[in-house]
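Chain and residue survey
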Amino acid sequence: LSFIVVNWNCLAFTEQCIEAIQCTVTGVDYEVIVVDNASGDAPCQSLADRFPAVRLILSDENLGFGGANNLAAGFASGRILFFLNPDTILLQDAAFRAFGLLDSRPDAGIVGCRFLNSDGSLQLSSVQAFPSVSNQLLANRWLQRRWPSIQGKAALYAKVPDTVAEVDVVSGAGLLIRKQIFEDIGGFNKEYFMYAEEVDLCYKVHRAGFKVLHCGAAQVIHFGGQSTKQCEEGYADLAMRESIHHFLLRTKGARFAARYRAVLLASAALRVSLLGIAFPFFRRHRRQRAISAMRKW
């Protein structure tokens, strides 16, 4: 099993991630590969001293999420790759359970984990449906919790939490894939600098005839967005929607992608208008949240 972690200016989280791997992974031979994606203020060289068993790759340029993972995969010796975000902590035997599931299912190409917030609550981003105009228009947490099937999240609400379920897409924050399949489908598409890389990867795995599974028993704490917090405000929201547009353009065609942009424009205009109308009635502590939401949309 080859763990692959991409660091960009979040050294403390990367160290915490590696410590969790070393403390929880048993019953399987593994290696850890870290790619430093041209960090500025926090170079990763110190990792070599603290974790001598870790293979450290220093990139001269920021290759993006997909490009850096592809780089590391070329050095991996494991037959299964475990792409893991630096802002994650593996819990108990999460890696062993996910590895065992993928290793025992010849029909499976990818296995994803069940992600939790630091307080133990469920992260809805663990799984999703392939993007469409309708589910992107209805991308709202309130709707996702009440009608999870709209966003392909029914697996997260199974009566038995550790259920294995077939899904469209699993989160790239903790994703296992057979190395041979990864190489056969061309790895991550480097056209996506950030976001939607796992959507594209899962799509290619489905197209290759393999299943994508969510392993509810493989639980991982995910702090989320530690690298993107260092970007200017709104960058992550913009990058996410541009990536989805690019995915739809590649898989559905120009007309479908244009429809997505038109619907997104209408949705954003409606949200801003409603927030503007309601703003005078918000209490002081909610006004800052409303300002952030208006700026986002």
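Details of the structure are given in the entry above.
Not measured: the values here are computed from a predicted model.

A closer look at the overall build of the chain
Check the secondary structure of the chain and you find 11 helices and 11 strands. For the chain, the C-alpha radius of gyration of 19 Å lies close to 19 Å, the compact-globule estimate for 297 residues. Once the C-alpha set of the chain is aligned to its principal axes, its extents read approximately 60 × 45 × 40 Å. Evaluated residue by residue, the chain yields a buried proportion of 47% over its 297 residues.

Considering the layout of surface pockets
One number sums up the size of the second largest pocket: a volume of about 350 Å³. Asp237, Leu238, Arg241, Glu242 and Leu264 are the residues nearest the centre of the second largest pocket, which is lined by 13 residues in total. For the lining of the second largest pocket, a count of residues per class yields 6 nonpolar, 2 polar and 5 charged.

Section: the nonpolar core
One broad trend across soluble globular proteins is that nonpolar side chains are buried collectively. In this structure, Leu81, Phe83, Ile110, Val170, Ile177, Phe182 and Leu201 are the most contacted members of the largest nonpolar core, which totals 41 residues. With 4 residues, the top contributor of residues to this core is helix H8 (residues 197–207).

Side note on the environment of Ala73
Here Ala73 shows up in helix H3 (residues 64–73). Between the C-alpha atoms of Ala73 and Val263, which are 190 residues apart in sequence, the distance is 37 Å. Those residues in contact with Ala73 that lie beyond four places of it in its chain are Ile4, Leu81, Lys179 and Phe182.

Quick notes on the pairing of strand S10 (residues 174–178)
For S10, a buried count of 5 out of 5 residues is recorded, marking the element as mostly surrounded by other parts of the structure. Here S10 shows two buried faces, one formed by Gly174, Leu176 and Arg178 and the other by Leu175 and Ile177.

Focus: the pattern of salt bridges
This structure, assessed with the given rule, holds 11 salt bridges. In this structure, the salt-bridge partner of Asp103 is Arg79, at a minimum N-O distance of 2.6 Å. Taken together, the residues Asp103 in helix H4 (residues 94–104) and Arg79 in the loop between H3 and strand S4 (80–84) connect sequence positions 24 residues apart. Judged by its relative accessible area of 52%, Arg79 is exposed. Asp200 serves as the salt-bridge partner of Arg250, at 2.4 Å between the closest nitrogen and oxygen. Remark: Asp200 occurs in helix H8 and Arg250 occurs in helix H9 (residues 235–252); sequence separation between them is 50 residues.

Details of the packing of aromatic side chains
The tally for this structure, following the rule as stated, stands at 11 aromatic pairs. Consider the rings of Phe83 and Phe188, whose centres lie 5.1 Å apart with planes at 70 degrees: the pair is edge-to-face. In this pair, Phe83 is assigned in strand S4 and Phe188 in the loop between helix H7 (179–184) and H8, connecting sequence segments 105 residues apart. Exposure class is identical for Phe83 and Phe188. Each is buried. For the pair Tyr203 and Phe247, a centre-to-centre distance of 5.5 Å together with 90 degrees between the ring planes defines the contact as edge-to-face. Of this pair, Tyr203 sits in helix H8 while Phe247 sits in helix H9, and the two are 44 residues apart along the sequence. An aromatic cluster of three or more residues is present, and its members are Phe65, Phe83, Phe182 and Phe188. Of note, Lys252 hangs over the ring of Phe256, and the distance from its end group to the ring centre comes to 5.6 Å.

Details of the pairing of strand S1 (residues 2–7)
Of all 6 residues making up S1, 6 are buried, and the element is well covered by its neighbours. Going residue by residue along S1, you find Ser2, Ile4 and Val6 tucked away on one face and Phe3, Val5 and Asn7 tucked away on the opposite face as well. Relative to strand S2 (residues 31–36), S1 runs parallel, the two sharing 6 bridges. Within S2, the residue paired with Val5 across the bridge is Val34. In this fold, the crossover linking S1 to S2 by way of helix H1 (residues 11–24) has right-handed handedness.

Conventions used here
- Residues numbered from 1 in each chain as written.
- Predicted model: local features only at pLDDT ≥ 70, side-chain atom pairs only at ≥ 80, totals over all residues.
- Heavy atoms only, no water.
- Helix = DSSP H or I, 4+ residues; strand = E, 2+ residues; numbered from the N terminus.
- Rg over C-alpha atoms; globule rule 2.2 N^0.38 Å.
- Buried < 20%, exposed > 50% of the residue type's maximum accessible area, 1.4 Å probe, protein only.
- 1 Å grid on protein atoms, 1.4 Å probe; cavity = no way out; pocket = protein on both sides within 12 Å on 5 of 7 lines; lining within 4 Å.
- Points joined across faces, edges and corners; volume = space filled by probe spheres on them.
- Nonpolar A, V, L, I, M, F, W, Y, C, P; charged D, E, K, R; others polar.
- Core = buried A, V, L, I, M, F, W, Y, C linked by side-chain atoms within 4.5 Å.
- Contact = heavy atoms within 4.5 Å.
- Salt bridge = Lys/Arg side-chain N within 4 Å of Asp/Glu carboxyl O.
- Phe/Tyr/Trp six-rings, centres within 6.5 Å; stacked < 30°, edge-to-face > 60°.
- Lys NZ or Arg CZ within 6 Å of the ring centre and 35° of its normal.
- Pairing = 2+ DSSP bridges.
- Right-handed = clockwise from strand over helix to strand, strands pointing away.

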